[in-house]
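Below are the chains, spelled out letter by letter.
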Amino acid sequence: MREFRLTLLLVFSVASVFGQVTPPADAYRLPKHFLSISPLNLLLAQQAGITYEFRPGRFGFALGTGYMYRNNSTWSDFFYAGPVPQGQLGYYAGVYAIPQVNFYFKPKMLPEGAVLFYVGLRGVYRHMSVDSVGYVPWKYSEDAETYSCYKMVDRVNIYAAYVNVGMKVLRRHFFFDLSVGYGFLSLYHDMYIASHQIRNHVGPVYSPPKHEKFFDQHQAFNFNLSFGGVF
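Novice: Whenever I open this one, the overall build of the protein chain confuses me. Can you help?
Specialist: Scanning the protein chain from terminus to terminus reveals three helices and nine strands. Taken across its 231 residues, the protein chain has 37% of its residues classed as buried. At a minimum sequence separation of 6, the contacts of the protein chain that also span at least 24 residues come to 68%. A total of about 14100 Å² of accessible surface is found on the protein chain, and carbon and sulfur atoms cover 65% of it.

Okay, here's the thing in structure tokens:
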């Protein structure tokens, strides 16, 4: 009986040792830090910045921030404000902040990388302004056949919130992130119009400053493609 007990204990000990599989030394380990840039935002949305994400486990916490430069275009505002008729925001400059919280599903491991699928909540804040001298980013008119805006100061705040789905493809120390989302966007204009230019009249006609505000809210989509490094 004693020999039987010793044999049974030995069998369980061996099984326990073989059950604890030690990963190879060169196995890919999921990183916790992600640093990236978006070439699409840089080229199409006059937005130059960087995004950092810390992913300690199933949740990731990200913050993107940077500068919005003026490109004097009439179409780039479509990529971050949507189809709004008020103002050509390509003439504006400012700053932005994009916080995001992601929930990651079980990763798909690769020999030298991994694929991470996630859902996230993204918030967006943009502050832009313009002081128009010599050009008119916003065609203001009380009587289109008489005069139009000539001198204007405009401060714009854009707020948005999205639910995103996406994936990160990791390869050694690099990755790319692809995501799409749906949500709502709010746009606030705070304008001071200081002078006007009457058609067929030489020089501007000055009048008391006008203070106007404009608000618009609509549904919106977002698309993001970014590249970066992990550590």
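So that's the structure; there's more coming.
Novice: Could you clarify how one ought to interpret the nonpolar core in this entry?
Specialist: As a rule of thumb, soluble globular proteins bury nonpolar side chains together. By size, the foremost hydrophobic cluster in this structure holds 22 residues, and its most contacted members are Tyr80, Leu89, Tyr92, Met128, Val156, Ile158 and Leu185. Within the residue set of this core, elements represented by two or more residues are helix H3 (78-81), strand S4 (93-104), strand S6 (113-132), strand S7 (147-171) and strand S8 (174-198). Ranked by residues supplied to this core, first place goes to S7 with five residues. By size, the runner-up hydrophobic cluster in this structure holds nine residues, among which are Tyr28, Ala114, Leu116 and Tyr118.

Novice: Could you clarify how one ought to interpret the side chain of asparagine 222 in this entry?
Specialist: Assignment of secondary structure puts asparagine 222 in strand S9 (residues 205-230). There is a polar contact of 3.5 Å between the side chain of asparagine 222 and the side chain of arginine 122. Within the structure, the side chain of asparagine 222 is placed 3.0 Å from the side chain of asparagine 164, a separation counted as a polar contact.

Novice: Got a minute to help me understand the side chain of lysine 168 in this structure?
Specialist: Residue placement: lysine 168 occurs in strand S7. On the accessibility criterion, lysine 168 (1% relative accessible area) is buried. Of the polar contacts made by the side chain of lysine 168, one reaches the side chain of glutamate 53; its length is 2.9 Å. Ignoring anything within four residues of it in the chain, the contact list for lysine 168 reads Phe34, Glu53, Asn102, Tyr104, Ala114, Val115, Leu116, Tyr118, Phe175, Phe176 and Asp177.

Novice: Looking at this model, I keep getting lost on a nonpolar patch on the surface. Mind explaining?
Specialist: Residues Leu35, Ile37, Ile50, Tyr52, Phe54, Phe59, Phe61, Val101 and Phe231 make up a contiguous nonpolar surface patch of about 820 Å² in total accessible area. Residue assignment for the nonpolar patch shows that the elements contributing at least two residues are strand S1 (33-37), strand S2 (47-54) and strand S3 (59-68). Sort the elements by how many residues they give to the nonpolar patch and S2 lands first, with three residues. As for its placement among the helices and strands, leucine 35 is situated in strand S1.

Novice: Would you explain the pairing of S3 in this entry?
Specialist: For a regular strand, the rule is simple: side chains alternate between the two faces of the sheet. Strand direction decides the pairing type here: S2 and S3, joined by eight bridges, are antiparallel. Looking at S3, one finds that glutamate 53 is bridged to alanine 62. Hairpin connection, S2 to S3: the antiparallel pair is bridged by four residues. For S3 and S4, the ladder comprises 10 bridges, and the chain directions are antiparallel. What sits directly across from glycine 60, in S4, is asparagine 102.

Novice: Can you help me understand unusual backbone geometry in this one?
Specialist: Of all residues except glycine, most have a negative phi; of all peptide bonds, most are trans. A positive phi angle, near 45°, is found at glutamine 46, a position not held by glycine. Within the element layout of this structure, glutamine 46 appears in the loop between helix H2 (39-44) and S2. Among the residues examined, glutamine 46 registers a relative accessible area of 0% and is labelled buried. A positive phi is found at arginine 172, a non-glycine position, where the angle reads about 55°. Within the secondary structure, arginine 172 is located in the loop between S7 and S8.

Novice: Even after reading the chapter, I still don't get the packing of aromatic side chains, so can you show me in this structure?
Specialist: Aromatic ring pairs are described here by two measures, namely the spacing of the ring centres and the angle between the planes. Within the structure shown, the criterion is met by 10 aromatic pairs. Ring plane angle 40° and centroid distance 4.7 Å describe the contact between tyrosine 188 and phenylalanine 215, whose orientation is recorded as tilted. Separated by 27 residues along the polypeptide, tyrosine 188 in strand S8 and phenylalanine 215 in strand S9 bring together distant segments of the chain. The exposure class assigned to tyrosine 188 is partly exposed, which follows from its relative accessible area of 36%. With a relative accessible area of 43%, phenylalanine 215 lands in the partly exposed category. Among the aromatic residues, ring-to-ring pairing joins Tyr125, Tyr159, Tyr188 and Phe215 into one connected group. Lying over the aromatic face of tyrosine 104, arginine 55 brings its terminal NZ or CZ to 4.8 Å of the ring centre. Positioned above the aromatic ring of phenylalanine 34, the side-chain terminus of lysine 168 is 5.6 Å from the ring centre.

Thresholds, definitions, all that
- Residues numbered from 1 in each chain as written.
- Predicted model: local features only at pLDDT ≥ 70, side-chain atom pairs only at ≥ 80, totals over all residues.
- Heavy atoms only, no water.
- Helix = DSSP H or I, 4+ residues; strand = E, 2+ residues; numbered from the N terminus.
- Buried < 20%, exposed > 50% of the residue type's maximum accessible area, 1.4 Å probe, protein only.
- Contact = heavy atoms within 4.5 Å.
- Areas by Shrake-Rupley, 256 points an atom, 1.4 Å probe, with all protein chains shown as cover.
- Core = buried A, V, L, I, M, F, W, Y, C linked by side-chain atoms within 4.5 Å.
- Polar contact = N/O pair within 3.5 Å; in protein donor to acceptor, adjacent residues only side chain to side chain.
- Patch = residues over 30% accessible without salt bridge, like charges linked within 9 Å, V, L, I, M, F, W, Y side chains within 5 Å.
- Salt bridge = Lys/Arg side-chain N within 4 Å of Asp/Glu carboxyl O.
- Pairing = 2+ DSSP bridges.
- Phe/Tyr/Trp six-rings, centres within 6.5 Å; stacked < 30°, edge-to-face > 60°.
- Lys NZ or Arg CZ within 6 Å of the ring centre and 35° of its normal.

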